[in-house]
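Each chain, letter by letter, is given below.
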Amino acid sequence: MTIIDGKKLSEQIKTELAREVAAIRDSGGKVPHLAAVLVGEDPASQVYVRNKVRSCEEAGFKSTLVRKDVGITEVELLEVVNHLNDDDDIDGFIVQLPLPKHINEEHITLAIDPKKDVDGFHPVNFGRMALGLPTYLPATPFGIVTMLERYGVETAGKHAVVIGRSNIVGTPMAILLSRKGRVGDCTVTLVHSRTRNLPEFVRQADIIVAAIGKPEFVTADMVKEGAVVIDVGINRVDDPAAPRGFRLVGDVAYGEVAPKCSFITPVPGGVGPMTVMSLLMNTLKASKKEIYGA
Ligand code: NAD
């Protein structure tokens, strides 16, 4: 069994990015610049944004954090988005989700210029992904694809079962695995909250991607011997013995599932760090105008 070490791989990719950015800077080119908009004080969002900004700095990117009060109106937030769309120095930006309930997330996502949508959430980029055109892949699926590629996991002809159909993880993951190409060519089954006999499908999987947000949902009896297991879930469970009173677990019961796997990602230290690196890879693509040209 091989543990796919997302932390180590993300560090390696960060070093590669830093080398490329240093070369760009040395030759007088423009250093990639990522901006992140954070609304309110949600603790998890603050941690995510802090990690993104820190990773940017470590890779030599320029970063800008735009903080807004939880009471900002939708119109005011749209103004922030328009300003970032128009700022030529900013190559790409993200608006950290979730947003406060009085703001319609769809309105904000649609307002982001697809050329700067390094989260890959805009329908134009999502559509390009579905058609196999060059695009900013959504960060978490991009991270998973990169892991499978770098660890040499064979996907062609394999049966992949994706659990969860969210717009940011499950659905794009199912599309990417079914596309033609190196990490692709799978036969894909997408299961979700309305699927009947879900464990029966999961048991048939050569590759399982679990993205539901339910602690330790995938148990050993649902996993075929030799399966590849990608655990996207990040769930807090109470643990009085832990320093902060909780610990993080994935959607997979790691202890009992890992011995059956050929490859597995741990939580933490698996998919999470790769998601941040994908954002940086997309920002570098944006600064090089790789997707949309000048
Ligand atoms: P979401 O809540 O938007 O979607 C969950 C999906 O799971 C839904 O499609 C739903 O149909 C399905 N689902 C829920 N309960 C189910 C059940 N009992 N059986 C079958 N399907 C069920 O979640 P999301 O944004 O896709 O995130 C999923 C998990 O991944 C969360 O724990 C989230 O924190 C984590 N996540 C991690 C990263 C990362 O970088 N590691 C990134 C995004 C999300």
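Per-chain numbering applies: the sequence of each chain, read as written, is numbered from 1 onward. Residue-level local features of this predicted model are given only where pLDDT is at least 70; pairs of side-chain atoms are given and counted only at 80 or more, and the full residue set underlies all totals for whole chains, interfaces and linings. By convention in this description, side-chain values take in all heavy atoms of the structure and omit both hydrogens and water.

Details of the nonpolar core
Core analysis: the largest hydrophobic core is formed by 51 residues, its most contacted members being Leu17, Leu177, Val209 and Ile230. A run of H or I in DSSP becomes a helix once it reaches four residues, and a run of E becomes a strand once it reaches two; helices and strands are each numbered from the N terminus. Element by element, the count of residues in this core is highest for helix α10 (residues 271-287), at eight residues. Whether two residues are in contact is decided by their heavy atoms, any of which lying within 4.5 Å being enough. Here Ile230 is in contact with Ile4, Ile144, Leu148, Ile208, Val209, Ala210, Thr265 and Val271, once residues within four sequence places are set aside. Of all hydrophobic cores here, the second largest spans 18 residues; its members include Val218, Met222, Val229 and Ala258. Buried Ala, Val, Leu, Ile, Met, Phe, Trp, Tyr and Cys residues that are joined via side-chain atoms within 4.5 Å together make up what is termed a nonpolar core. Accessibility here uses a 1.4 Å probe with only protein chains present; expressed as a share of the type maximum, an area under 20% marks a residue as buried, one over 50% as exposed, and anything in between as partly exposed.

Some thoughts on the pattern of salt bridges
Basic side-chain nitrogens of Lys or Arg form a salt bridge, by our definition, when they fall within 4 Å of a carboxyl oxygen of Asp or Glu. Counted by the stated rule, this structure contains 10 salt bridges. The salt bridge partner of Lys14 is Glu11, with a shortest N-O separation of 3.5 Å. Taken together, the positions of Lys14 and Glu11, both in helix α1 (residues 6-26) and three residues apart, correspond to about one turn of that helix. Residue Lys14 is classed as buried on the basis of its relative accessible area of 8%. Of the charged contacts, one joins Glu290 and Lys288 as a salt bridge, the two residues approaching to 3.4 Å between their closest N and O atoms. The partly exposed category is assigned to Lys288, whose relative accessible area is 37%. Here the residues in one salt-bridge network are Glu11, Lys14 and Glu58, joined through shared partners.

A short note on the site of the ligand
The criterion for a residue being near a molecule or strand is simple. One of its heavy atoms has to lie within 4 Å of it. Lining the immediate environment of the ligand, one finds 21 residues, of which Arg165, Ser166, Val232, Ile234 and Thr275 sit closest. Side-chain atoms alone can form a polar contact between residues adjacent in sequence; in general such a contact is a pair of N or O atoms within 3.5 Å, and within protein one must be able to donate a hydrogen while the other accepts it. The contact in question runs from a nitrogen atom of the ligand to an N or O atom on the backbone of Ser193, over 3.2 Å. Val232 is positioned such that a nitrogen or oxygen atom in its backbone is 3.5 Å from an oxygen atom of the ligand. To be clear on the numbers: accessible area is Shrake-Rupley with a 1.4 Å probe, and residue cover counts the displayed protein chains and nothing else. When isolated, the ligand has an accessible area of 850 Å², and the protein chains bury 72% of it. Among the elements that take part in the shell around the ligand, α10 stands out by supplying three residues, more than any other. For the shell around the ligand, the residue count by class is nine nonpolar, 10 polar and two charged. For this scheme, ten residues count as nonpolar: Ala, Val, Leu, Ile, Met, Phe, Trp, Tyr, Cys and Pro. Four count as charged, namely Asp, Glu, Lys and Arg, and the remainder, Gly too, count as polar.

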